[in-house]
Each structure stands twice: as structure tokens, then as C-alpha cells.
Amino acid sequence: MFPTPNWQCVHTLHGHSSAVSSVVITPDGQTIVSGSSDSTIKLWNLNTGQELHTLSGHSQGVTSIALAPDGQTLASGSKDKTIKLWNLSTKEEIYTITGHSDIITSVVISPDGKTLASASEDTTIKLWNLRNGEEIRTLKWPVEVFYSLAILFSPDGKILLSSSADDYVSLSAVAFNLTTGDEIWTKHWQEGMDSVYAIAVSPDGETFATLHCVGTIKLWNLYTGIEIYTLAENSMGDFCLAFSPDGKILASGGWDSGSEEDSTEPGIIELWNLDTRDKICSLLGHSWGVYSVAFSPDGQTLVSGSDNKTIKIWQRDL
């Protein structure tokens, strides 16, 4: 039995003028990249919390950002219906993709760095050649959806996991075979207390997690869509999930819902031990809901972005 790790907030970052919608950490573990509803993307020093640079170009809020494996290419999706590619070395825009007819809800880059995937409120999921921005394929939902919500590549790059929503409530998840574009399996959840919003894929590519509106977290087999187990219900509303690099910890971020699901309720992050299936701890400090969480490559640091315009850096102290 090892001692329960203690996580402490070491820096709170101020600089965005609106909600922080997405945070990622570069593969070298040195830089945080954040996207915000204020239409900007900011780079920060992970160790000191110092703001390094601001990328501007989107005309509306940034909803999602994703890093290529080389840590130098960044994709950003926006409410302005475009996707932009950025060179983080030169801090310049590479190109802009137009092709969706509504808000971009999620962008991800394949593990080999060759393919960009995007989901949109126009109900489509599109695959793009990352080198030149040309469209490769549009994936067809096997069920009627209101809009495509979140997408994730499996670590081997062969499966794209996607979730869809209906009136802001996720109802379906589909695993696509990226070689053929066909569905592997489809999951449906009834609208209401079992509805799912956030998804995450484990580093080993064997399982994925879903965060449900009542705070329940479920683990599933990625290849079959069969439920493996359910974690105990927690006290939070749903927003985001992230696995630690070793796959042993799952972080869930949202708000301490209490009696109402309201983003102005205090933000909360729950950390779960996936070996014992027990809660490790709750991280409090954000005054509003937590929209995004990301682990550093060594798993010793967690970064969170919030509706209260701030980013927090949490470090693990054994």
C-alpha cells in the first residue's frame, strides 16, 4: 500500500479575458498551450507560470486545441467555423482550413502526426491531411445527431472515437475504423441522468472512459464498446477527462454541482486510482467550472483551465 499522493496548486495563471476552453502540455513538458473564448491561444512556461506568447487570428472563441507529436504544430478549432494550424517555433499561422459549416467543437491530431480530425456542430466529422490541409474523408454518423461533440484517436491511430450530442446532451458514441471509414460499434445513452459528455482514451489504447452528467465515470473496452466497470458516483457535473501517461490515474474536471448544474458553481477536479478504483483526492480552487485538464508527460503535473478565465498548475508531492 503506497501513500496517497498530495497534489498542490503551485501557480494560478491570469491572462485570458474569457473562459479557458482547452489546455495541452508540450511533449517536452516545458510549455502549456491554452485556448480561450477570448479568441486567443496563449503559451506559458510550465515551471514558472510566465506568459510567453499570444497567438491571434481566430475571429471568435477557440473551442479546442491539439498538438502534433513533434510538439511544434498546433491545431485550433473555433466558433468562427475554421481550423488553424500554427508553428509554435516561429509563432506563425501555417494555414486555415474552411470546410465545416458550423462551430468546430473538437480537433485532434493522429499519433503519427499525419492526419487532423475535426468535429463540428454541422454534425460531421472530417479527416484532413495535416501537411496541406486537404480533406481526406467525411465520416458518416450511423445515427441522427444534433452535433458532433468530441473526438479522440486511439494511440495506434487506427480508431477514431467520437461522441455526439442532442440539445447539449450527449446521446451516442461511435468507434470508427480509420482504414475503411466504417463504424466498429455504436453506443446509445438515454437522454437524462445517464447522458454522457466527456470521453478519454487510455494510453494503452485498450479502454476509454466516459463521464456522465450525474458524475459517474464508466470504463469501456475500446474495441467492443462493452462496459468494464463503473467508478463510484462523485459530486461533480461533467466537463472533461484525462488519463495520466501511465494510465493509472484518471482526472475528471467540472463543477461541484451541489443541487444545481451551474457553471458558476465552484470548480472541482477529482483524481481516481484506476488500480483500486478509489478516489485519490479532490482539487479545489477554481471559482467556476473546470473545462479542460491535461497531465504533463511525466505525470507529476496537472494543468486545468476554467470558466473563470484562469489556468492552474497542480504538482504532485509524494
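Here goes a summary of the coordinates provided. Keep in mind that what you see is a predicted model, and the values were worked out from it rather than measured. (Residues numbered from 1 in each chain as written. Predicted model: local features only at pLDDT ≥ 70, side-chain atom pairs only at ≥ 80, totals over all residues. Heavy atoms only, no water.)

1. Re the overall build of the protein
On a plain count of helices and strands, the protein comes out with 0 helices and 28 strands. Per-residue burial for the protein yields a buried fraction of 57% across its 318 residues. The contacts in the protein between residues at least 6 apart in sequence include a share of 43% that link residues at least 24 apart. (Helix = DSSP H or I, 4+ residues; strand = E, 2+ residues; numbered from the N terminus. Buried < 20%, exposed > 50% of the residue type's maximum accessible area, 1.4 Å probe, protein only. Contact = heavy atoms within 4.5 Å.)

2. Some points on the packing of aromatic side chains
Tallying each qualifying case throughout the model produces 6 aromatic pairs. With 4.6 Å between their ring centres and 65° between their planes, Phe-239 and Trp-255 make a pair best called edge-to-face. Taken together, the residues span a long stretch of sequence, with Phe-239 in the loop between β21 (227–231) and β22 (240–243) and Trp-255 in strand β23 (residues 249–255) at a distance of 16 residues. Across the pair, Trp-255 and Phe-239 agree in class, each one buried. Measuring from ring centre to ring centre gives 4.6 Å for Phe-239 and Tyr-291, while their planes differ by 85°; the resulting arrangement is edge-to-face. (Phe/Tyr/Trp six-rings, centres within 6.5 Å; stacked < 30°, edge-to-face > 60°.)

3. Notes on the sheet that holds β23
Read across the sheet, 4 strands follow the order β22-β23-β24-β25 without closing on themselves; strand pairing throughout is antiparallel. Looking at strand neighbours, the two that pair on one side only are β22 and β25 (278–284), the edges of this open sheet. When the angles between neighbouring strand axes are averaged without regard to direction, this sheet yields 20°. Of the pairings in the sheet, the one linking β23 to strand β24 (residues 267–273) comprises 7 bridges and is antiparallel in character. (Pairing = 2+ DSSP bridges. Axes fitted to C-alpha atoms, helices over the stretch in contact; angles between N-to-C directions.)

4. What about the nonpolar core?
Ranked by size, the top nonpolar core spans 17 residues in total, and within it Trp-7, Ile-269, Leu-271, Leu-283, Val-293, Phe-295 and Leu-302 carry the most contacts. Of all the elements in the fold, those that place two or more residues in this core are β22, β23, β24, β25 and β26 (290–295). Setting aside anything within four residues of it in sequence, one finds Ile-269 in contact with Ala-251, Ser-252, Gly-253, Cys-281, Ser-282, Leu-283, Val-290, Val-293, Leu-302, Ser-304 and Trp-314. (Core = buried A, V, L, I, M, F, W, Y, C linked by side-chain atoms within 4.5 Å.)

5. Describing the pattern of salt bridges
Where charged atoms of side chains with opposite charge meet at close range, the side chains can pair. For the coordinates displayed, the defined rule picks out 5 salt bridges. Here Glu-93 and Lys-84 are joined by a salt bridge, their closest N and O atoms 3.3 Å apart. For Glu-93, a relative accessible area of 35% puts it in the partly exposed group. (Salt bridge = Lys/Arg side-chain N within 4 Å of Asp/Glu carboxyl O.)

6. Things to note about the side chain of Lys-84
Checked against the element boundaries, Lys-84 lands in strand β8 (residues 82–87). The contact partners of Lys-84, leaving out residues within four places of it in the chain, are Gly-57, His-58, Leu-74, Ala-75, Ser-76, Glu-93, Tyr-95 and Thr-96.

7. Comments concerning the sheet that holds strand β10 (residues 104–109)
Sheet architecture is open: 4 strands sit in the order β10-β11-β12-β13, paired in antiparallel fashion. The open sheet has two edge strands, β10 and β13 (135–139), and neither has a second partner. Neighbour-to-neighbour, the strand axes of this sheet turn through a mean angle of 20°, independent of strand direction.

8. Regarding the side chain of Ser-34
Take Ser-34: it is sitting in strand β3 (residues 31–36). Within the structure, Ser-34 has its side chain in polar contact with the side chain of Trp-44 (distance 2.9 Å). With residues up to four places along the chain from it excluded, the contact list for Ser-34 reads His-16, Val-20, Ser-22, Val-23, Thr-40, Ile-41, Lys-42, Trp-44, Ile-65 and Ile-311. (Polar contact = N/O pair within 3.5 Å; in protein donor to acceptor, adjacent residues only side chain to side chain.)

9. Concerning the environment of Ala-117
Assignment of secondary structure puts Ala-117 in strand β11 (residues 115–120). Along the sequence, Ala-117 and Leu-139 sit 22 residues apart, while their C-alpha atoms lie 10.0 Å from each other.

10. So, unusual backbone geometry
You will see that Lys-81, though not glycine, has its phi angle at about 75°, which is positive. In this structure, Lys-81 sits in the loop between β7 (73–78) and β8. Looking at Lys-81, the relative accessible area reads 39%, which means it is partly exposed. Its identity as a non-glycine residue notwithstanding, Arg-277 has a phi of 65°, on the positive side. Relative to the elements of secondary structure, Arg-277 occurs in the loop between β24 and β25.

11. Re the pairing of β3
Most of β3 is tucked away: 6 of the 6 residues are buried. A two-sided burial pattern is seen for β3, the buried positions comprising Thr-31, Val-33 and Gly-35 on one face and Ile-32, Ser-34 and Ser-36 on the other. Taken together, the 5 bridges between strand β2 (residues 20–25) and β3 define a ladder with antiparallel strand orientation. Of the residues in β3, the one forming a bridge with Val-23 is Ser-34. If you look at the hairpin formed by β2 and β3, you'll find 5 residues sitting between the two strands, and Gly-29 has a positive phi there, around 70°. Two strands pair when backbone bridges link them, and β3 and strand β4 (residues 40–45) are joined in this way by 5 bridges, in the antiparallel orientation.

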